[in-house]
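Secondary and tertiary structure notes
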Amino acid sequence: MEHNKNNTLVFVFLFGIMIYVLLMVDSVNASVVVPSNNLINREPYSKVDSKEAVTSTTIRQRSSHKRRFRKERRLIEQPHDICADIVGPTWQVNKTGEGPCQQLIVWVPKKNGFTEFVKIEDFEVKGGFSLAIFCYALHLLPYKIQPIFKPYINDKGESNGTYDQLLHVIEGTTCETVAGDVTVRASRAQYVDFTTPYLSSEVYMLVHGSHEWNQTLWTFLRPFTKRLWFAIIGMCIYIGVAVAILEYRADNPKFTASYKTVRMIIWFPVSMFFFNEGKILNRNSKVVLVMWLSMIFIVVQIFTATLSSWLTLDQLRPRLPSGYENFGYQNGSFLKDFIIDKYKRNDTNLVPLNSVEEYKTALSSGRVTAVFDELPYIELFLAKHGSDYMKFGPINQESGIAFALPRGSPFLPIFTRAVINVTESDVMMNMKKKYLGFRAPDESQPNQALPQSLDIQSFIGLFILMGTGAIAAIICSEISIRQANKKILPVSMDD
């Protein structure tokens, strides 16, 4: 009887252990994976595979979240000093003063194109022209401040919103700012403050350029201005008068009759190049004519060179669209609303574009007839593809591109002065060449300016020389004639 009781107790004990083990296994499985509805409805033979797929997906998601968490934690706790890479070893050296903020949170917008201004890759801020100007401005501050750059992106690495939404992030804060290509707008200035713009941002239209030969019926007269042509004609008559006086005093029969004298005054300085108008009797006339020939030779050479530049001029003219349809604009900018308000167009005819390459593709294919954008982006496009395109405008004046800070920030006045110092220094042009690829101002747009017509100032020296030489020749001729007359002795008459 006791033996049967012991067997019963053992059996009850083992049964309890089995129930406990089963409950623990079920709880572990429930915590590891929760299958979705579509996996429950799958065929029985795929249940094992579905559990493995869900488990692997869950593991990958957890690892991705862990990597992103570590990356965000590294950005906050151990920020990568981008400004040290941009400015160099002199970054914030020997700064002992204290500013309003020891650390400055710098929000950077994410751009799908135009990464020359701000560049974000792999959830990290890499640099760009706007950040370079920002760092150099921080470098000029009298106290040390540590910038912490934070990209304005979502979990997928894409932009987390528009520029207006980004500016609302720093609203009401103290030690935060937005560094990027932010356009100063009146609507934005209601909730944030801006520094002095570091780039001008007039709105231009980017269109195709057409090559034109600027030639007319009177192109051959364009090398000289009207004043210069009249001066040359006047000098020609002046030389004719001087030669007529000299020859008349030398008793040249061609200059004795009054009607012949007037004809020779007008005709002789020109005809002497092509015809034989008779013998010159006065040696001083020959001096005047040699000076006249030298002057005409110089004038003709300059005229020929200037005329050739006019005849070979290739002008690139903007080819404006005939209608206000199919316009392109930079995606995410205020230009969409600007085009709709100014030209009363529907947004269905507007094409958002993200990069310089998309600008070129859309214009080349005829997808858009023109692209509206601000001047810095237009210049960036022309620096790369300016041979067949032109900017037209400005169409509208904007305040400029600047950095944004919270309203009433104590950091604003001194930082604005630093931005002004950077824009007035050589750093500005160096950063434009480095990040934006800008060359000399005249090389960004291949259009040739019209040649300048030469005015009388270009030949004033020759005219003075000719006038003085003609007067000197007449004086010398009169002196020689008077001396010759004095040598003739009077004949005596005897009664």
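Throughout what follows, the structure given in this document is the object of discussion. Because the structure is a prediction, the values reported are computed rather than measured.

1. Things to note about the packing of aromatic side chains
- Summed over all chains, the structure comprises 21 aromatic pairs.
- For the ring pair Trp229 and Phe303, a centre distance of 5.8 Å and an interplane angle of 70 degrees mean the geometry is edge-to-face. Taken together, the residues span a long stretch of sequence, with Trp229 in helix 7 (residues 226-249) and Phe303 in helix 9 (residues 283-311) at a distance of 74 residues.
- Relative to Phe372, the ring of Tyr343 lies with its centre 5.5 Å away and its plane at 55 degrees, an arrangement referred to as tilted. Note that Tyr343 is positioned in helix 10 (residues 335-343) and Phe372 in strand 11 (residues 370-374), a separation of 29 residues in sequence.
- In this structure Tyr343 comes out as buried when scored by relative accessible area, which is 17%.
- Lying across the ring of Phe334, Arg185 places its NZ or CZ 4.1 Å from the centre.

2. Description of the pairing of strand 3 (residues 124-127)
- When strand 2 (residues 119-121) meets strand 3, the two strands line up antiparallel, connected through 3 bridges. Bridge pairing links Lys119 to Gly127 in strand 3.
- Two successive antiparallel strands, strand 2 and strand 3, enclose a turn made up of 2 residues, where Asp122 displays a positive phi of approximately 55 degrees.

3. Observations regarding the packing of helix 5 (residues 129-139) against helix 13 (residues 412-423)
- The contact between helix 5 and helix 13 brings their axes to 8 Å, and the two run at 115 degrees. The handedness of the crossing between helix 5 and helix 13 is right-handed. Facing Ile133, Phe134, Tyr136, Ala137 and Leu138 of helix 5, the residues of helix 13 in contact are Phe415, Ala418, Val419 and Val422.

4. Here we look at the sheet that holds strand 4 (residues 146-152)
- Pairing is mixed across the open sheet formed by 5 strands, whose spatial order is 4-1-5-13-6. A single partner strand is all that each edge strand has here, and the edge strands are strand 4 and strand 6 (192-194). For this sheet, the mean angle separating the axes of adjacent strands, direction not counted, is 30 degrees.
- Relative to strand 13 (residues 401-406), helix 13 is tilted by about 165 degrees, and along the sheet it contacts strand 6 and strand 13.

5. Concerning unusual backbone geometry
- Here Gly393 and Pro394 are connected by a cis peptide whose omega angle stands at 10 degrees.
- With respect to the helices, strands and loops of the structure, Pro394 is situated in strand 12 (residues 389-396).
- Of note in the backbone geometry, Phe114 takes a positive phi value of approximately 55 degrees without being a glycine.
- Relative to the elements of secondary structure, Phe114 occurs in the loop between strand 1 (103-109) and strand 2.

6. Regarding the layout of surface pockets
- Taken as a whole, the largest pocket spans an internal volume of roughly 430 Å³.
- Lining the largest pocket are 25 residues; nearest its centre among them are Lys110, Lys111, Tyr163, Asn331 and Gly332.
- Those elements giving two or more residues to the lining of the largest pocket turn out to be helix 6 (163-169) and strand 5 (176-183).
- Per-element tally for the lining of the largest pocket: the top contributor is strand 5, with 3 residues.
- Split by residue class, the lining of the largest pocket holds 8 nonpolar, 11 polar and 6 charged.

7. Digging into helix 9
- Here helix 9 spans 42 Å end to end across 29 residues, near enough to the 42 Å set by a 1.5 Å rise per residue.
- For helix 9, the set of buried residues is Asn284, Ser285, Val288, Leu289, Trp292, Met295, Ile296, Val299, Phe303, Thr306, Leu307 and Trp310.

8. Some thoughts on a nonpolar patch on the surface
- A contiguous nonpolar surface patch, about 450 Å² in accessible area, is contributed by Phe230, Ile233, Ile237, Val241 and Ile245.
- Secondary-structure assignment places Phe230 in helix 7.
- A residue is classified by how much of its surface remains accessible, and Phe230, at 60% relative accessible area, is exposed.

Calculation notes
- Residues numbered from 1 in each chain as written.
- Predicted model: local features only at pLDDT ≥ 70, side-chain atom pairs only at ≥ 80, totals over all residues.
- Heavy atoms only, no water.
- Phe/Tyr/Trp six-rings, centres within 6.5 Å; stacked < 30°, edge-to-face > 60°.
- Helix = DSSP H or I, 4+ residues; strand = E, 2+ residues; numbered from the N terminus.
- Buried < 20%, exposed > 50% of the residue type's maximum accessible area, 1.4 Å probe, protein only.
- Lys NZ or Arg CZ within 6 Å of the ring centre and 35° of its normal.
- Pairing = 2+ DSSP bridges.
- Axes fitted to C-alpha atoms, helices over the stretch in contact; angles between N-to-C directions.
- Left-handed = near helix turned anticlockwise from the far one by under 90°.
- Contact = heavy atoms within 4.5 Å.
- 1 Å grid on protein atoms, 1.4 Å probe; cavity = no way out; pocket = protein on both sides within 12 Å on 5 of 7 lines; lining within 4 Å.
- Points joined across faces, edges and corners; volume = space filled by probe spheres on them.
- Nonpolar A, V, L, I, M, F, W, Y, C, P; charged D, E, K, R; others polar.
- Expected span 1.5 Å × (residues − 1).
- Patch = residues over 30% accessible without salt bridge, like charges linked within 9 Å, V, L, I, M, F, W, Y side chains within 5 Å.
- Areas by Shrake-Rupley, 256 points an atom, 1.4 Å probe, with all protein chains shown as cover.
- Salt bridge = Lys/Arg side-chain N within 4 Å of Asp/Glu carboxyl O.

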